[in-house]
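If you want the building blocks of each chain, they are given just below.
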Amino acid sequence: MNQLDYFFQPKSVAIIGASRDPKKIGHVIFRNFVEGKFAGEILPINPNAEELFGRKCYPSVLSVNSKIDLAVITVPAPIVPSVLEECGKKKIPAVIIITGGFKEIGNADLEDQVLKILKKHKMHAIGPNCIGIFDPYSGVDTFFLPRYKLERPGKGKIAFISQSGALGSVILDWMAMKGYKISKFISYGNAVDVDEADLMEYLAEDKDTDVICAYFEGVKEGRKFYDITKKISSKKPVIVLKGGTTEEGTTAVASHTGSLAGSAEIYATAFRQAGVIQTENVEQVFDFARVLSTQPIPKGNRVQIITDGGGYGVMTTDWLVKNGLKLAQMSSQNIEKIKKACPPHVVVKNPIDLTGDADTERYKIAIEAAAEDPNVDIIAVIILFQIPTLTPDVVDVVSAISDKKTKPLIVIAGGGRYTEVLKKSLEDFGVPCFSYPEQAVGALRALCQYASQVHSKGAKK
Ligand code: COA
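Just so it is clear, the structure is predicted and the values come from calculations on it, not from any experiment.

Conventions and cut-offs
Going along each chain's sequence as written, the residues are numbered from 1 onward. Two thresholds apply to this predicted model, a pLDDT of at least 70 for residue-level local features and 80 or more for giving and counting side-chain atom pairs, whereas whole-chain, interface and lining totals are computed over all residues. Based on all heavy atoms of the structure, the side-chain values leave hydrogens and waters out of the count. Here, a strand pair is defined by DSSP locating no fewer than two bridges between the strands. Secondary structure is summarised from DSSP: a helix means a run of H or I of at least four residues, a strand means a run of E of at least two, and numbering begins at the N terminus for each. Only the stretch in contact is used when fitting a helix axis, every axis being a line fitted to C-alpha atoms; angles between N-to-C directions are given from 0 to 180 degrees. A helix is expected to span 1.5 Å multiplied by its residue count minus one. Burial classification: accessible surface area is computed with a 1.4 Å probe over protein chains only, and a residue below 20% of its type maximum counts as buried, one above 50% as exposed, and the rest as partly exposed. By definition in these notes, contact holds between two residues if any of their heavy atoms fall within 4.5 Å. Contacts described as polar in this section are N or O atom pairs within 3.5 Å, which, within protein, must combine one atom able to donate a hydrogen with one able to accept it, while residues neighboring in sequence count only if both atoms come from side chains. When the strands point away from the viewer and the path from the first strand over the helix to the second turns clockwise, the crossover is right-handed.

**Overview of the sheet that holds strand 7 (residues 124-126)**
- Overall, parallel pairing links the five strands, which are arranged 2-1-5-6-7 in an open sheet. A strand with exactly one partner marks an edge of an open sheet, and here the two such strands are strand 2 (41-45) and strand 7. Strand-to-strand, the axes of this sheet are offset by a mean angle of 20°, without reference to chain direction.
- Across four bridges, the pairing between strand 1 (residues 12-16) and strand 5 (residues 70-73) is parallel. Bridge pairing links I15 to V72 in strand 5.

**What to know about helix 13 (residues 360-372)**
- With 13 residues, helix 13 should cover 18 Å at 1.5 Å per step; its first-to-last C-alpha distance of 18 Å lies within 8% of that length.
- Taken residue by residue, helix 13 has T360, R362, Y363, I365, A366, I367, A369, A370 and A371 as its buried positions.
- Tucked into the core, helix 13 has its buried residues touching strand 15 (302-307), helix 12 (332-341), strand 19 (378-382), helix 14 (394-403) and strand 20 (409-412).

**Some points on the environment of D135**
- The residue D135 is located in strand 8 (residues 132-135) in this model.
- Along the backbone, D135 and K155 are 20 residues apart, and their C-alpha atoms lie at a distance of 8.3 Å.
- For D135, the residues in contact, after removing those within four places along its chain, are F8, V140, S183 and K184.
- At a separation of 2.8 Å, a polar atom in the side chain of D135 contacts the main-chain amide nitrogen of Y137.

**Here we look at the pairing of strand 5**
- The alternating pattern of strand 5 places L70 and V72 and A71 and I73 on opposite faces, both of which are buried.
- Pairing geometry for strand 5 and strand 6 (residues 94-97), over four bridges, is parallel. Across the sheet, A71 pairs through a bridge with V95, a residue of strand 6.
- Read from strand 5 through helix 3 (residues 80-89) to strand 6, the crossover connection turns out right-handed.

The structure is reproduced here in structure tokens:
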């Protein structure tokens, strides 16, 4: 068993500082465990309370008779060493320290004390100054944000690790609203023990994770991070958003997690050499991750555009070229097939413009032809759902072809509420959807970057 398994699949969890006050962090975490999907034993630890939600409270982990796999610490910083010492004596293998007030406020001595206790008892810890773990598969949820204020996403294949708890929680909420799914979410704060590289190494072996995403401001040990990401990046895509890339941002980092932000150029070079895909913003992380987690690895970078709107087709063409991707040239056989089945005003080039009176059947013919054409590596389907002839069953047709996973297929669909509903159904079927051509093409560029890494290393996804 991997030591980090205790964080994600514990059989029993102790919440140290499970408060009686509904507004306090320890209370919310305890409540979230009780009301959530966690199937193991949940133990509230609080010397000042008799019981919580009808469950007996223990004054210390040492007064619990059964084995404890994971402890979540939510007591103030000065008493963290003493409760941690008790966790050590109880032989608890994994501890999440939510508490803030350590290195990030210049309290390095207290953090050193924590590290010494962890080493002495051979325990592993995530944190301090973090919000911990959300794992929809095991039900572990130490995020102290009430569920009515912050929704949780469903089970998926994208893992996200974040040095910043605030950014992590916002992303989680936003993912839930968008219908994006997650495998594991980890906010690891000051990383006194378990750091970003350890988590990435763990996620590389996690069967529920296909893509690893991360936000951080600085890595703890540069060489370790480089070696680990270089090793895992051809097995699973690693997507990184780095905070603190300007001089001013670097200063802000020091008072946030106390990490060394380092030079943006050095990081960018190291990421490139290690096969890590760097993004510019949060939205791009998910654009890239949605494509990389759902689509097969393309053989090349030749893209066939199929559209019902000329302008969107032109813009997509521009962005493809600007991003170094190529326009596919379909075989004459397939071109003839589409021409034969469509009225004469349909333009069968690249883009294929099915025009403003397109219907589901026209999309089916064109997408199927592109899917079987050896000169096409990737299919970009633009659907402006608003045209009168197009019925919602186009979603079923696109999903069914995409489901065969012969080559990557993405959808670009701009519009309002009606469009958003149909896009959400496509996302549910594993078809990544985008509102704007530049957004979609950025994600395709990342897919091609990863594909060339995989092809050059001869590895398989
Ligand atoms: N073992 C277990 N519980 C204990 C205890 C002990 N040895 N000593 C005290 N407690 C109990 C308290 O009695 C209290 O329960 P009660 O409210 O029922 O009396 C509970 O633990 C919490 O202690 P309290 O002193 O009220 O702390 P708090 O809830 O105000 O603050 C933190 C604790 C951890 C939330 C706070 O110190 C902190 O770090 N806040 C910032 C967290 C944060 O932002 N993290 C990073 C996110 S990115």
